[in-house]
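Structure assessment
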Amino acid sequence: MLIEEAKILDCVIIGGGLAGLCLSIQLADKNYSVVLIEKNKYPFHKVCGEYISMESYDFIQSLGLNLDEMNLPIINQLNISAHNGYKIYSSLKSGGFGISRYTLDHELAKIAKTKGVELIESCVATNVLLQDDIYTVETSIKKLKSKLVCGSYGKIDPAFIDRNNNKKKVNYVGVKYHIKTPFPNNLIELHNFKDGYCGISNVDKHTTCLCYLTTAENLNQNNNAIKELEKNVLMKNPHLQKYFTEAEFIFEKPLAISQIGFSKKQTYKNDILMLGDAAGAIAPLCGNGMSIAMRSSKILSNYIDLFLKHKLSKNELIKQYTSEWNANFSFRIKSGYYLQQLFGKNLTTLLSLKLLNYLPFLFRKLIKLTHGKKF
């Protein structure tokens, strides 16, 4: 049964991933009334590579999460292999750190609640209506009214959003495990296989994250069975074969997400301000979508602050936010998209890695494209 809410909030945020959580905390810090809607209940796992570049470290700490006390893996070495096991190496100048989304999102959710955010878990947004400059957000629990609505629901649009513009001929599937295996804390590996690639790096609690992306067609050709896909395709790479046969897999079954696309999206759609993956189709190789999600929350929070203080009109808010999004992320996202085209194709990947091995300066330059400056 829907319960009517008379209060007009400053902002309702749909989606409690990193972008939504970070935005809610920043708005609460500015004393705005915020409701954050999340369909799951914290803590929970998400399909994610769980490597975050150091550009986000200080920002996360500024939200109130003391990463220094968590003894997290600091990652400064990258290994990449082709499908046949050919491997190249490089240092990561700016580097990153490893932390599971299970831990990170949960800790940020606790901070959000402490700072006054109303966090509604196990709740699904079913519709958003705008009338006379006031939004009505219909959910599975209650109706909410607010001055602004932000969408941070990830790569897949909710049912009430028109998804036609996000459809693409080739869809992707993401699969994640947590495993126990001897693995250096300072290393991240990227192993290619036919039509996909797999990232491996350590996270908190002495655990290693193994996460891969491949095409839906690849899964279809293996009877839509993840275990068959891994045996018939991933394990053709000898490095992946070693992990899949020797590591201890913590999850009873793989965590998977389907219908992932990387087509161009919008920062404002259906009267909703978008951020994180909802605003930009962030390919895994573009320099970690987690940092882009968090940076976008900081950009948007500043413009929302100006709007709520009546220093910007709604149109100016949309225009300036979109402009700054493009300035910060367009080239980075495009770079990730084109880099992705080099991976998961046996011959192309092998030739590319051999070239990069002979031209280490080019390798370092490509790595730099995937890591942003601190914010």
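What comes next is a walk through the structure. On a predicted model such as this, the values are computed, not experimentally measured, just so you know.

1. With respect to the pattern of salt bridges
- Taken as a whole and assessed by the stated rule, the structure comprises 17 salt bridges.
- Between K374 and D58 there is a salt bridge whose closest N-O contact spans 3.7 Å. Highlighted residues: K374 in the segment after α10 (360–369) and D58 in helix α2 (residues 57–62), separated in sequence by 316 residues.
- Among the residues examined, K374 registers a relative accessible area of 55% and is labelled exposed.

2. Here we look at a positive patch on the surface
- Taken together, the side chains of K93, K365, K368 and K373 define a basic patch exposed on the protein surface.
- Relative to the helices and strands, K93 is located in strand β5 (residues 87–98).

3. Observations regarding the pairing of strand β7 (residues 125–131)
- Two strands pair when backbone bridges link them, and β7 and strand β8 (residues 134–139) are joined in this way by 6 bridges, in the antiparallel orientation. From the neighbouring strand, Q131 faces β8, where its bridge partner is I134.
- If you look at the hairpin formed by β7 and β8, you'll find 2 residues sitting between the two strands, and D132 has a positive phi there, around 55 degrees.

4. With respect to the packing of aromatic side chains
- Throughout the structure, instances matching the rule amount to 9 aromatic pairs.
- With 6.2 Å between their ring centres and 85 degrees between their planes, Y177 and F244 make a pair best called edge-to-face. Here Y177, found in strand β10 (residues 172–180), pairs with F244, found in helix α6 (residues 238–246); they are 67 residues apart in sequence, far enough to count as distant. One exposure class covers both Y177 and F244, and it is buried.
- Considering the side-chain rings of F244 and F249, the 5.6 Å spacing of their centres and the 25 degrees angle between planes classify their relative orientation as stacked.
- The class of F244 is buried, set by a relative accessible area of 14%.
- The partly exposed category is assigned to F249, whose relative accessible area is 23%.
- Grouping aromatic residues by their ring pairs yields a cluster made of Y177, F244 and F249.
- The lysine or arginine in question, K227, covers the ring of F249, its NZ or CZ lying 5.8 Å from the ring centre.

5. Here we look at the side chain of E38
- Summarising the element assignment, E38 is placed in the loop between β2 (34–37) and β3 (51–53).
- Although E38 is buried, it forms no salt bridge, and the closest oppositely charged side chain is K46 at an N-O distance of 5.7 Å.
- What E38 contacts, discounting residues up to four positions off in sequence, is G15, G16, G17, F44, I120, E121, S122 and C123.

6. Description of α6
- Within α6, burial applies to L240, Y243 and F244. Each buried residue of α6 sits inside an arc of 90 degrees when the element is viewed along its axis, so together they form one side.
- For α6, the elements touching its buried residues are β10, β11 (187–193), β12 (196–203), β13 (207–215), α5 (226–232) and β14 (248–249).
- Between the side-chain oxygen at the start of α6 and the backbone nitrogen of H239 there is a gap of 2.9 Å, and the oxygen is on N237.

7. Side note on the side chain of T267
- With respect to the secondary-structure elements, T267 resides in the loop between β15 (255–260) and β16 (268–269).
- According to the relative accessible area criterion, T267 is buried, its value standing at 7%.
- Engagement of the side chain of T267 in a polar contact is seen with the side chain of T322, the distance being 2.6 Å.
- Sequence-distant contacts of T267, defined by excluding residues within four places in its chain, comprise I272, L273, M274, A279, Y321, T322 and W325.

8. Considerations on the state of the cysteines
- In this structure the tally under the stated criterion is 0 disulfides.
- Counting only cysteine sulfurs, C150 is the nearest neighbor of C11, a cysteine outside any disulfide, at a range of 3.7 Å.
- Unpaired in terms of disulfides, C198 finds its nearest cysteine sulfur in C211, a separation of 7.4 Å.
- Using a relative accessible area of 0% as the deciding quantity, one classes C198 as buried.

9. A closer look at the nonpolar core
- Ranked by internal contacts, the top residues of the largest apolar core, which has 76 residues, are I14, F97, L108, C150, M294 and L300.
- Sort the elements by how many residues they give to this core and helix α7 (residues 289–308) lands first, with 10 residues.
- Residues within four places of I14 in sequence aside, it is in contact with I37, A125, V128, V137, V149, C150, G151, S152, Y153 and F160.

10. Considerations on helix α1 (residues 18–29)
- With 12 residues, α1 should reach 16 Å at 1.5 Å per residue; the first-to-last C-alpha distance of 16 Å fits that figure.
- Burial of α1 is extensive: 11 of the 12 residues sit out of reach of the surface.
- The set of residues buried in α1 consists of L18, A19, G20, L21, C22, L23, S24, I25, Q26, L27 and A28.
- Against the buried residues of α1 lie β1 (8–14), β2, α2, α3 (101–114), β9 (143–151) and α7.
- A positive phi of about 70 degrees marks N31, the residue just after α1.

Quick notes on the rules
- Residues numbered from 1 in each chain as written.
- Predicted model: local features only at pLDDT ≥ 70, side-chain atom pairs only at ≥ 80, totals over all residues.
- Heavy atoms only, no water.
- Salt bridge = Lys/Arg side-chain N within 4 Å of Asp/Glu carboxyl O.
- Helix = DSSP H or I, 4+ residues; strand = E, 2+ residues; numbered from the N terminus.
- Buried < 20%, exposed > 50% of the residue type's maximum accessible area, 1.4 Å probe, protein only.
- Patch = residues over 30% accessible without salt bridge, like charges linked within 9 Å, V, L, I, M, F, W, Y side chains within 5 Å.
- Areas by Shrake-Rupley, 256 points an atom, 1.4 Å probe, with all protein chains shown as cover.
- Lys, Arg positive; Asp, Glu negative; His and termini not counted.
- Charge placed at Lys NZ, Arg CZ, Asp CG, Glu CD.
- Pairing = 2+ DSSP bridges.
- Phe/Tyr/Trp six-rings, centres within 6.5 Å; stacked < 30°, edge-to-face > 60°.
- Lys NZ or Arg CZ within 6 Å of the ring centre and 35° of its normal.
- Contact = heavy atoms within 4.5 Å.
- Arc of directions from axis to C-beta.
- Polar contact = N/O pair within 3.5 Å; in protein donor to acceptor, adjacent residues only side chain to side chain.
- Disulfide = S-S within 2.5 Å.
- Core = buried A, V, L, I, M, F, W, Y, C linked by side-chain atoms within 4.5 Å.
- Expected span 1.5 Å × (residues − 1).

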